Amino acid sequence: MDTMSPSPAARRAAAIVRHLATTAAPVATSVGLSCCLGYVRPESSEPPAAFRPADLRRLLDGHNLAARDWLFRAMEESTLFCRQHAGLRGRAFASPEFNVSKEAQREATMRRVGYLARRGVFRGWLTEDGVEAELRTIALLDCIGIYDHSLAVKIGVHFFLWGSAIKFLGTKRHHDKWLLDTENYVIKGCFAMTELGHGSNVRGIETVATYDSKSREFIINTPCESAQKYWIGGAANHATHTIVFAQLHINGRNEGVHAFVAQIRDEDGNVLPNIDIADCGHKIGLNGVDNGRIWFHNIRVPRENLLNLVADVLPDGQYVSMINDPDQRFAAYLSPLTLGRVNIAVNAVYISKVGLAIAVRYGLSRRAFSVTPDGPEMLLLDYPSHQRRLLPLLAKVCLMSSAGNFMKKMYVKRTPEMSKAIHIYSSALKATLTWQNMITLQECREACGGQGLKTENRVGIFKAEFDVQSTFEGDNNVLMQQVSKALYAEFLAAQKKKKPFKGLGLEHLNGPSPVIPDNMTSSMLRSSKFQMDLFCLRERDLLNQFAEEVSHHLTQGKSREKALMLSYQLAEDLARAFTERTILQIFLEDEMNVPAGSLKEVLGLLRSLYVMVSIDESASFLRYGYLSRDSVAAVRKEVLKLCSELRPHALAVVSSFGIPDAFLSPLAFDWIEANALSSGSH
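Numbering of residues begins from 1 in every chain and follows the order in which that chain's sequence is written. This being a predicted model, a pLDDT of at least 70 is required before a residue's local features are given, and a value of 80 or more before pairs of side-chain atoms are given or counted; all residues contribute to the totals for chains, interfaces and linings. Side-chain metrics in this entry use all non-hydrogen atoms of the structure; hydrogen atoms and water are not considered.

Draft legend 1. Local environment of the nonpolar core. Nonpolar cores were defined as sets of buried Ala, Val, Leu, Ile, Met, Phe, Trp, Tyr and Cys residues, with membership established by side-chain atoms within 4.5 Å. Each residue gets one of three labels from its accessible area relative to the maximum for its type: buried under 20%, exposed over 50%, partly exposed in between, using a 1.4 Å probe on protein chains only. Counting residues in each nonpolar core, the largest one holds 214 residues, and the members touching the most others are Leu-116, Phe-122, Ile-155, Ile-243 and Phe-657. For helices the rule is a DSSP run of H or I covering at least 4 residues; for strands it is a run of E covering at least 2, with both sets numbered from the N terminus onward. With 15 residues, helix α10 (residues 336-363) is the largest single contributor of residues to this core. The contact partners of Ile-243, leaving out residues within four places of it in the chain, are Trp-162, Ala-165, Ile-166, Cys-190, Phe-191, Ala-192, Ala-259, Phe-260, Val-261 and Leu-307. Contacts are assigned to residue pairs with any non-hydrogen atoms lying within 4.5 Å of each other.

Draft legend 2. Broad picture of the environment of Lys-167. Secondary-structure assignment places Lys-167 in helix α7 (residues 149-169). Judged by relative accessible area, Lys-167 falls into the buried class, the value being 15%. Separated by 28 residues in the primary sequence, Lys-167 and Ala-139 place their C-alpha atoms 20 Å from one another. Here Lys-167 is in contact with Leu-126, Glu-128, Asp-129, His-175 and Leu-179, once residues within four sequence places are set aside. Contacts described as polar in this section are N or O atom pairs within 3.5 Å, which, within protein, must combine one atom able to donate a hydrogen with one able to accept it, while residues neighboring in sequence count only if both atoms come from side chains. There is a polar contact of 3.0 Å between the side chain of Lys-167 and the backbone oxygen of Leu-126.

Draft legend 3. Representation of the packing of helix α11 (residues 384-412) against helix α21 (residues 629-646). Note on method: axes are straight lines fitted to C-alpha atoms, helices fitted across the in-contact stretch only, with angles between N-to-C directions ranging 0 to 180 degrees. Contact pair α11 / α21: the axes reach a minimum separation of 9 Å and the direction vectors enclose 80°. For the element pair α11 / α21, the angle class is roughly perpendicular. Taken together, the residues of α21 that come into contact with α11 (itself represented by Gln-387, Arg-388, Leu-391 and Pro-392) are Val-639, Leu-640, Cys-643, Ser-644 and Leu-646. Each residue receives one of three labels: charged for Asp, Glu, Lys and Arg, nonpolar for Ala, Val, Leu, Ile, Met, Phe, Trp, Tyr, Cys and Pro, and polar for the others, Gly being one of them. Partitioned by chemical class, the residues of the contact of α11 with α21 number 6 nonpolar, 2 polar and 1 charged. In this scheme, roughly parallel covers angles under 35 degrees and roughly antiparallel covers those over 145, while 65 to 115 is roughly perpendicular and the rest are oblique.

Draft legend 4. Up close: the sheet that holds strand β6 (residues 229-233). One open sheet accounts for 3 strands, arranged β6-β10-β9; its pairing is antiparallel. Strand pairing shows two members of the sheet lacking a second neighbour, β6 and β9 (275-279), which therefore form its edges. Strand-to-strand twist in this sheet, taken as the mean axis angle between neighbours without regard to direction, amounts to 35°. Bridge analysis of β9 against strand β10 (residues 291-296) gives 5 bridges, and the strand direction is antiparallel. The residue of β10 that forms the bridge with Asp-279 is Gly-292. Strand pairing is assigned whenever DSSP detects at least two bridges linking the two strands.

Draft legend 5. Quick peek at the packing of helix α5 (residues 102-118) against α7. It is the contact of α5 with α7, at a shortest axis distance of 10 Å, that shows an interaxial angle of 65°. The angle between the axes of α5 and α7 places the two elements in the roughly perpendicular class. Both α5 and α7 take part in a crossing whose hand is right-handed. Contacts between α5 and α7 involve Thr-109, Met-110, Arg-112, Val-113 and Leu-116 on the former and, on the latter, Ser-150, Leu-151, Lys-154 and Ile-155. Tallied by class, the residues present in the contact of α5 with α7 amount to 5 nonpolar, 2 polar and 2 charged. What makes a crossing left-handed is the near helix being turned counterclockwise from the far one by less than a right angle; a clockwise turn instead makes it right-handed.

Draft legend 6. The pairing of strand β5 (residues 217-221), seen in detail. Sheet topology note: the strand β4 (residues 208-212)/β5 ladder contains 5 bridges and is antiparallel. Considered in β5, the bridge of Ala-209 is made with Ile-220. The antiparallel pairing of β4 with β5 creates a hairpin that spans 4 residues between the two strands, and Arg-216 there sits at a positive phi of about 55°. Pairing of β5 with strand β11 (residues 299-302) involves 4 bridges; the strand directions are antiparallel. Opposite Glu-217, over in β11, you have Pro-302 as the bridge partner.

Draft legend 7. Inspection of empty space enclosed by the protein at higher detail. Only protein atoms enter the 1 Å grid, on which a cavity is a set of points fitting a 1.4 Å probe that cannot get out and a pocket is an open set with protein on both sides within 12 Å along at least 5 of 7 lines, lining residues being those with an atom within 4 Å of a point. Grid points are joined across faces, edges and corners, and a volume is the space filled by probe spheres set on the points. According to the stated counting rule, one finds 6 cavities of 30 Å³ or more in the structure shown. Considering only enclosed or pocket space, the largest cavity measures out at about 90 Å³ in volume. For the largest cavity, the full set of lining residues is Met-110, Lys-154, Val-157, His-158, Tyr-185, Lys-188, Gly-189, Gly-233, Gly-234, His-238 and Ala-239. Element by element, the count of residues in the lining of the largest cavity is highest for α7, at 3 residues. For the lining of the largest cavity, the residue count by class is 4 nonpolar, 5 polar and 2 charged.

This is the structure we're talking about:
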């Protein structure tokens, strides 16, 4: 017998034979199929709410909850607003149709306006006075804005620009002639301030209104192409009347910008002689609003059409005004814009709430990857990184809700002495809240993955619809510069008069500068006193630095305006510091009014997360030395802890937003069924 070992070739051949014999053996067991994904409602998988969402809603909405719910139901009852979803049986969603032409969107907007008018939504919007009436009006506009930005803007231009100009810049003769017809939509108004060549710089507009004392008329003219009125909401198709802002010329003297009423269409919708109107065309969003351009070719309007609360022209051409200072007179003519800014800021908060409610609910039902090889996939919102993306935005929107309520209540209780403060607050919050809305929508869109791109899921289309908020009714950068200039003026006035600061929350400047400790513990970082001290320190120091830098440029011979322009970097940081301190201070006051319990604890988490993220996202705390590198690192770690602690409350917080299910989107519910082939949703 040959005892030699087999050759390498023989061993390989034997191995192949054994392998083939093994693979050819019959399979004794069947292969199990993996289960398909199923949708689980967050309400059935999340722990019970630690607090009553209705209690938080009362805090966040602030006023007129019953009126809001009435209007939501009214919209849900009409197919003009609400349509059954093909994929989700028994569910209807309130959202406009975007996959149609701009002409179709505009006509749909007008049909919805008509429906709301018939339901009595606008009753008293211009003809009833008082705090309660104004708050109810603002609350109803909040709800309309949640449904559709085009509808809110169309209504807002008619009531709060045209209507407010008639009401607050006009006198009894204007009220008697136009207010009731405006409220009943007998006439349709627009607001012709912006020109092709002048937007934020209203003083520089080029349209001219020349008084003719013989005929006792104003002759309104567009002298050049840059003077054409531009982006005028309602002008392209529907408006019958407009407020025209123009330079008033009397006997060769320019008395500055004034407001006039002019009819631009007849009862049949035909453009009147000596007026040209053109469409601004398709836009990235807001195509349900008919923005137009207007040229006036020496049209004549009666002397009585000058809105004359601020100033008047007597029949013989004599100019008279109750305000002698031209700057104050000009500011009075811009007053209708204030309510617009308030509404824009608040609307931005509500849209952020819609985006977050959708993204959080999706994150509580969508799974991806697993921690262990055979374990279940994890919910998106259980990932710390996903929490870091969404939960700080949740904290910010809650604090900004309080700021919006503060601003609304300040506006409806306004007095002439409050005008400056209202302008500063509305400018700061309009800019900050609309910028934050765009940041929030982008993060929510990404957090929803590809589903966020679908128009029916709302978040993606919101980005295009609300981008305009950053520049209309005041460019945000310009508004924030105005805030810094106003704070600088307050600083100079306090120094000159040797009196303490009063108003705008600046009283903290009268005391000693806060001292920030070096060693940061978690309890200290969450202390409301520490948080206010830090934000006040930043604001105090930046105001001093800004004043010093402007003073330095002045000593070098620069003009005041040039000195302010050259100091724009500090101006930006100061305006942000003022606004973030304001938002924190307002929320703290709301929080203190809540009794001890689980809701108060959650409010503390939201506040602390807002502060920690504001520090984490701003270079100013390190740049100017308010915090050390170690302290900033401690803040960064605290953000993650706070996100983890807020995570169990995420569903309860978004449920407290008071937004009906129909005003969210399919993605917030059974997104698998919504996309099923069998449903016909394709």
